[in-house]
Protein chains: 2
Amino acid sequence: MSKRLQLVVAYDGVPFAGWQSQKNGDAIQDRLESAFHAISGQTIRVHGAGRTDAGVHALAQCAHVDLPDNRFGTEKWLAALNSRLPPTIRVLRCRYVPATFHARFSAIGKVYRYRIWNDPILLPFENGRAWHIASPLNFHELEATAQEFCGEHDFAAFAANRGKPGESTVRLIHRVKIRRAGARCVIEIEGNGFLYKMVRLMVGALVRVGLGKASREEIALALTAPKKGCGLTKLVAPADGLFLVRVRY
Amino acid sequence: MSKRLQLVVAYDGVPFAGWQSQKNGDAIQDRLESAFHAISGQTIRVHGAGRTDAGVHALAQCAHVDLPDNRFGTEKWLAALNSRLPPTIRVLRCRYVPATFHARFSAIGKVYRYRIWNDPILLPFENGRAWHIASPLNFHELEATAQEFCGEHDFAAFAANRGKPGESTVRLIHRVKIRRAGARCVIEIEGNGFLYKMVRLMVGALVRVGLGKASREEIALALTAPKKGCGLTKLVAPADGLFLVRVRY
């Protein structure tokens, strides 16, 4: 029987330096590895489906670990891990998976949600959990423009760095769905993969359109001719509003 | 024209020592008074509709202040106050009111909301904003029992202290409404006034019934014969789940 355990993890990103292990131990990965060490007495590396930046939240990040043995049932791991994690990190589920499963390489897609609070005043409860935009957004324009992202495109103009030479910047976006209720606007994006800061750059561009500072045509251009469009799309939406909703396998 | 300004204030209770002014300045009232002082250069006392304890939240607490003059319009006060308050406190609205208006003495009722998270795992985003109850609650019993509170009763058994001698412990509860969606349970209570910790003691009693540790009959007894019922009702629900929703005038 396999010794590989898959974890589904939720976290409030505010108190942490992001997912990836940091020297000061302030990352979510560090906290999980500390919990595994406290339980097993061994160094157990946690492999995430992907990194999330400082301040970014997760409703269901995925990860896997290779345990020294599979003596403990999943219920026992769940309780033991959560009792050693801060309340801002929770393991929601875990299960033993075949050794062929890899949290990162087996992933076939991800769903992200981005929350905007569009009102002159940001409610205290939205602090750290939404992008506060005081000026009124044109939601009709924002929603229409969002559809430009759907389909397969070269998203080089929506990446914060160039990545490794030769690596593709082509990604397939399955859907972009926008819901609005009062001041709250939620943009949900599903794709087969995302470049570094891609969601935040997409949302930044959409907000520029919503504020009348960019046009749908400019976004379309950035997707068809990334080099020409690059300059138009460099507003990075803050981490506060971003939630990793689901990793698809 | 009046120099009395009414304020509607929202706050996340987690970082504060409650509403009422503290020596260390950690209370919401202190933060508001500091903001008024920074703007006007004068000591301006903030009168709240009522105190909320440390950790208790407000969607719309009410308060009033007497300004030295009424030169500034309400929009200006709103912007000036919010720019000097932490993001966890927001003044949502303000308006000049007649000098006969008093935030506390003019109030004719209040609405409170209490949030419970009924699941073995508390989501990180609910931390500090709900009472985490891991064992399954019997919602049918809880909801039926909640109706016992409606109407006029002597709530002495649901008060954390006796109050001043001769003060009435009779209060009128207009409604208790319970909504449930998945793990989330929201209890909304409207009444003409509340004794010290009354909502948290009412919720504590309801949860004991939901867990099978008390009966509807015991709650009814505590309302008809407060002295006999006192011992049954002393579970104080934590501050985390409590929200002051509205003050009625």
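Here is what the cut-offs are and how they apply
- Residues numbered from 1 in each chain as written.
- Chains lettered and ligands numbered in written order.
- Predicted model: local features only at pLDDT ≥ 70, side-chain atom pairs only at ≥ 80, totals over all residues.
- Heavy atoms only, no water.
- Helix = DSSP H or I, 4+ residues; strand = E, 2+ residues; numbered from the N terminus.
- Buried < 20%, exposed > 50% of the residue type's maximum accessible area, 1.4 Å probe, protein only.
- Contact = heavy atoms within 4.5 Å.
- Areas by Shrake-Rupley, 256 points an atom, 1.4 Å probe, with all protein chains shown as cover.
- Lys, Arg positive; Asp, Glu negative; His and termini not counted.
- Charge placed at Lys NZ, Arg CZ, Asp CG, Glu CD.
- Buried area = accessible area lost by both parts, 1.4 Å probe.
- Salt bridge = Lys/Arg side-chain N within 4 Å of Asp/Glu carboxyl O.
- Polar contact = N/O pair within 3.5 Å; in protein donor to acceptor, adjacent residues only side chain to side chain.
- Least-squares fit on C-alpha atoms with pLDDT ≥ 70 in both.
- Phe/Tyr/Trp six-rings, centres within 6.5 Å; stacked < 30°, edge-to-face > 60°.

## Concerning the overall build of chain A
Line of reasoning, step 1. Counting its secondary structure elements, chain A contains six helices and 10 strands.
Line of reasoning, step 2. Summarising its shape, the C-alpha atoms of chain A cover approximately 60 × 45 × 30 Å along the three principal directions.
Line of reasoning, step 3. Across the 249 residues in chain A, those meeting the buried criterion constitute 52%.
Line of reasoning, step 4. Within chain A, residue pairs in contact and separated by at least 24 positions form 71% of the contacts whose partners lie at least 6 positions apart.
Line of reasoning, step 5. Taken as a whole, chain A presents about 11,500 Å² of accessible surface, with 50% of it coming from carbon and sulfur.
Line of reasoning, step 6. The averaged location of the 21 negative side-chain charges in chain A is 4 Å from the averaged location of its 35 positive side-chain charges.

## A short note on the interface of chain B and chain A
Line of reasoning, step 1. The interface is formed by 22 residues belonging to chain B together with 22 residues belonging to chain A.
Line of reasoning, step 2. Surface buried jointly by chain B and chain A totals about 1,600 Å² across both partners, of which 73% is contributed by carbon and sulfur atoms.
Line of reasoning, step 3. Looking at the side of chain B facing chain A, the largest losses of area belong to Ile121, Pro124 and Phe125 of chain B, adding up to 42% of the total buried there.
Line of reasoning, step 4. Counting the contacts that link chain B with chain A gives zero salt bridges.
Line of reasoning, step 5. Taken together, chain B and chain A are joined by two residue pairs in polar contact (both at pLDDT 80 or more).
Line of reasoning, step 6. Listed by contribution, the elements that provide at least two residues to the side of chain B that touches chain A are strand E1 (4–11), strand E3 (57–66), helix H2 (74–84) and strand E4 (89–97) of chain B.

## Some words on the pattern of salt bridges
Line of reasoning, step 1. Under the counting rule described, the total for this entry stands at 28 salt bridges over all chains.
Line of reasoning, step 2. For Glu188 of chain A, the salt bridge is made with Arg113 of chain A, and the minimal N-O distance between the two is 2.7 Å. Linking Glu188 of chain A in strand E9 (residues 184–191) with Arg113 of chain A in strand E5 (residues 109–118), this pair joins segments that are 75 residues apart in sequence.
Line of reasoning, step 3. By relative accessible area, Glu188 of chain A is classed as buried at 12%.
Line of reasoning, step 4. One salt bridge connects Arg129 of chain B with Asp12 of chain B, and the closest N-O pair in it is separated by 3.6 Å.

## A closer look at the relation of the copies chain B and chain A
Look at the two chain copies: a rotation about an axis and a shift along it is all it takes to match them.
Line of reasoning, step 1. Under the fitted operation, chain B is carried onto chain A by 0.0 Å of movement along the axis and a turn of 180 degrees, and the coordinates agree to an RMSD of 0.0 Å. In short, the pair behaves as if placed about a two-fold rotation axis. Considering only C-alpha atoms, the part of chain B nearest the rotation axis is Phe125 of chain B, at 5.1 Å.
Line of reasoning, step 2. When the interface residues of chain B are mapped onto chain A, 100% of them again lie at the interface, so the same face is used by both copies.

## With respect to the side chain of Glu188 of chain A
Residue and element names in this part refer to chain A.
Line of reasoning, step 1. Polar side-chain contacts of Glu188 include one of 2.7 Å to the side chain of Arg113.
Line of reasoning, step 2. At 3.3 Å, the side chain of Glu188 and the side chain of Arg175 are in polar contact.
Line of reasoning, step 3. Discounting chain neighbours no more than four positions away, the residues touching Glu188 are Val111, Tyr112, Arg113, Arg175, Val176, Lys177 and Arg179.

## Side note on the environment of Pro136 of chain B
Residues and elements named next belong to chain B.
Line of reasoning, step 1. Residue position: Pro136 is located in the loop between strand E6 (131–133) and helix H3 (139–146).
Line of reasoning, step 2. In this structure, the C-alpha to C-alpha distance between Pro136 and Ala183, residues 47 residues apart in sequence, is 9.5 Å.
Line of reasoning, step 3. Not counting the four nearest positions on each side in its chain, Pro136 is found in contact with Asn118, Gly210 and Leu211.

## A closer look at the packing of aromatic side chains
Line of reasoning, step 1. The tally for this structure, following the rule as stated, stands at 20 aromatic pairs over all chains.
Line of reasoning, step 2. Feature note: the residues Phe36, Phe72 and Trp77 of chain A constitute an aromatic cluster, connected by ring pairs.

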